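Residues per chain are reported as follows:
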Amino acid sequence: MAAAPPFSDDGIGIANLPNQRHKIVAKRGAHFTIMVVGESGLGKTTLINTLFSTELSPPKNYNKRHQKQLDKLTEVEIIKAELEEKQFKTKLTVIDTPGFGDYVNNRDSWAPIVDFIDDQHEAYMRQEQQPMRKDKIDLRVHACLYFIRPTGHTLKPLDIEIMKRLGTRVNLIPVIAKADTLTQNDLFTFKQRIRQVIQAQGIRIYQPPIEADDEVSAEHARILSEAMPFSIIGSTEDVTTPDGRVVKGREYLWGVAEVENENHCDFRKLRSLLIRTYMLDLISTTEELHYENYRQAQMETRKFGEQKPRKFENPKFKEEEEALRKRFTEQVKAEEARFRQWEQHLIAERDRLNKDLEMAHSAIKALEAELDNLQVGYGGRGTGRR
């Protein structure tokens, strides 16, 4: 809609407020933070690069993944970029979580992810309580893509556990990774099973708002809701289809799996949800729902300006702490056994020395008695000679 002239006689000018807002937003730009969570090798980096049509993060090398097994910790990596389209700039932050779900024992592997989300709410709340609030650093997560391995069965216990925790803290969007590894029938059945588990477990996932006064928008929102979890194919490579078209996709012996073909996957639906249609709603939902819920919960239990209580028992280090405690106990027991053995050796040595001392003392007494006898005998012989 074209902006009205400054001195237009067309009404009092209230209707021009959206144009003013548009100018402010266009000048300021936007800030969007997205988190990707899932096991290694599910194409998280590839999908992000495909979504934003640029290489935000280089592909990872998983050949040496086994070398990090000793760490057994989920990491948090932050990638920042500034994108521009039609002179509109967006500061994009991508939060990656390498290491999640990659180990035999994945107990508490979600803790660093949940702690990171809570810490960003806490940091923003602390900045709001400061006298100078102009340059606030905001890393609150606006959307979280949770990658589900395409097993064809259902959600794993680990998936259910972390999705429950994420759903109450962030706009959770589940996606089925590498959907081209499943047939259409298997994918349809897999989606149904996941929806049933989500409903049965009470997992909260993001639902686009349905506007009653806009039937087209409401229908689009319903289509996106019914498509969840989105089946995704990620690829940044150009391939040629049998009919000569050059598209983003993956080439197989049986043909080409196209990224933006809705008959092949839900990539376009996911992009519409994240960027084209509901990015602003994701940002406002984070601000008005998730952040406010965290702020309210903290303000009810803490005084103004009071620091957040520290967790003395960090779940990330429980396993290491138990192992160290066990190792320390074993070392203490070994040292106690060694000291007891040493004590027994000292007692035996003391008894031996005491016995030797008594024998020496007895020998000295015998020698003294013999000396006395000799002296007495010598004196008697001398008297007899006179």
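If you're wondering where the values come from, they're calculated on a predicted model, not measured in any experiment.

Caption draft 1: Molecular detail of the overall build of the protein chain. Summing up its helical and strand segments, the protein chain has nine helices and nine strands in all. Here the protein chain, with 386 residues, has 36% of them falling under the buried criterion. For the protein chain, the exposed surface amounts to about 25400 Å²; the carbon and sulfur share of it is 53%.

Caption draft 2: Seen up close, helix α3 (residues 111-128). If you check α3, its first and last C-alpha atoms are 26 Å apart, about what 18 residues at 1.5 Å a residue would give, namely 26 Å. By the criterion of burial, α3 is predominantly enclosed, with 15 of the 18 residues buried.

Caption draft 3: Structural context of the sheet that holds strand β9 (residues 255-258). Pairing is antiparallel in the open sheet, where three strands are placed in the order β7-β8-β9. In this open sheet, the two strands that pair with only one neighbour each are β7 (238-240) and β9. Across the sheet, the axes of successive neighbouring strands diverge by a mean angle of 65 degrees, strand direction being ignored. Relative to β9, strand β8 (residues 246-252) runs antiparallel, the two sharing four bridges. Residue pairing for β9: Y252 is matched across the bridge by G255.

Caption draft 4: Summary view of the side chain of Q298. For Q298, the location among the structural elements is in helix α8 (residues 279-301). The contacts of Q298, once residues within four sequence positions are left out, are E122 and M125.

Caption draft 5: Highlighting the packing of aromatic side chains. Evaluated as defined, the whole model comprises three aromatic pairs. Ring geometry for F339 against W342: centres 6.3 Å apart, planes inclined by 40 degrees, an arrangement best described as tilted. With F339 and W342 both in helix α9 (residues 318-385) and three residues apart, the pair spans about one turn of that helix. By relative accessible area, which is 43% here, F339 ends up partly exposed. Directly above the aromatic system of Y291 lies the positively charged group of R140, at a separation of 4.8 Å from the ring centroid. Taking the ring centre of F339 as reference, the NZ or CZ of R338 above it sits at 5.3 Å.

Caption draft 6: Structural view of the sheet that holds strand β3 (residues 88-96). Within the open sheet, the six strands sit side by side as β2-β3-β1-β4-β5-β6. Their pairing is mixed. Both outer strands of the open sheet, β2 (77-85) and β6 (230-231), are each paired with one neighbouring strand and no more. Where strand β1 (residues 30-37) and β3 come together, seven bridges link them in parallel fashion. In the strand pairing of β3, H31 is matched with K91. Lying over the sheet, α3 contacts β1, β2 and β3, oriented at roughly 165 degrees with respect to β1. Of the strands in this sheet, β1, β4 (143-148) and β5 (172-176) are in contact with helix α4 (residues 157-167), which crosses β4 at around 170 degrees.

Each value, and the rule that gives it
Residues numbered from 1 in each chain as written. Predicted model: local features only at pLDDT ≥ 70, side-chain atom pairs only at ≥ 80, totals over all residues. Heavy atoms only, no water. Helix = DSSP H or I, 4+ residues; strand = E, 2+ residues; numbered from the N terminus. Buried < 20%, exposed > 50% of the residue type's maximum accessible area, 1.4 Å probe, protein only. Areas by Shrake-Rupley, 256 points an atom, 1.4 Å probe, with all protein chains shown as cover. Expected span 1.5 Å × (residues − 1). Pairing = 2+ DSSP bridges. Axes fitted to C-alpha atoms, helices over the stretch in contact; angles between N-to-C directions. Contact = heavy atoms within 4.5 Å. Phe/Tyr/Trp six-rings, centres within 6.5 Å; stacked < 30°, edge-to-face > 60°. Lys NZ or Arg CZ within 6 Å of the ring centre and 35° of its normal.

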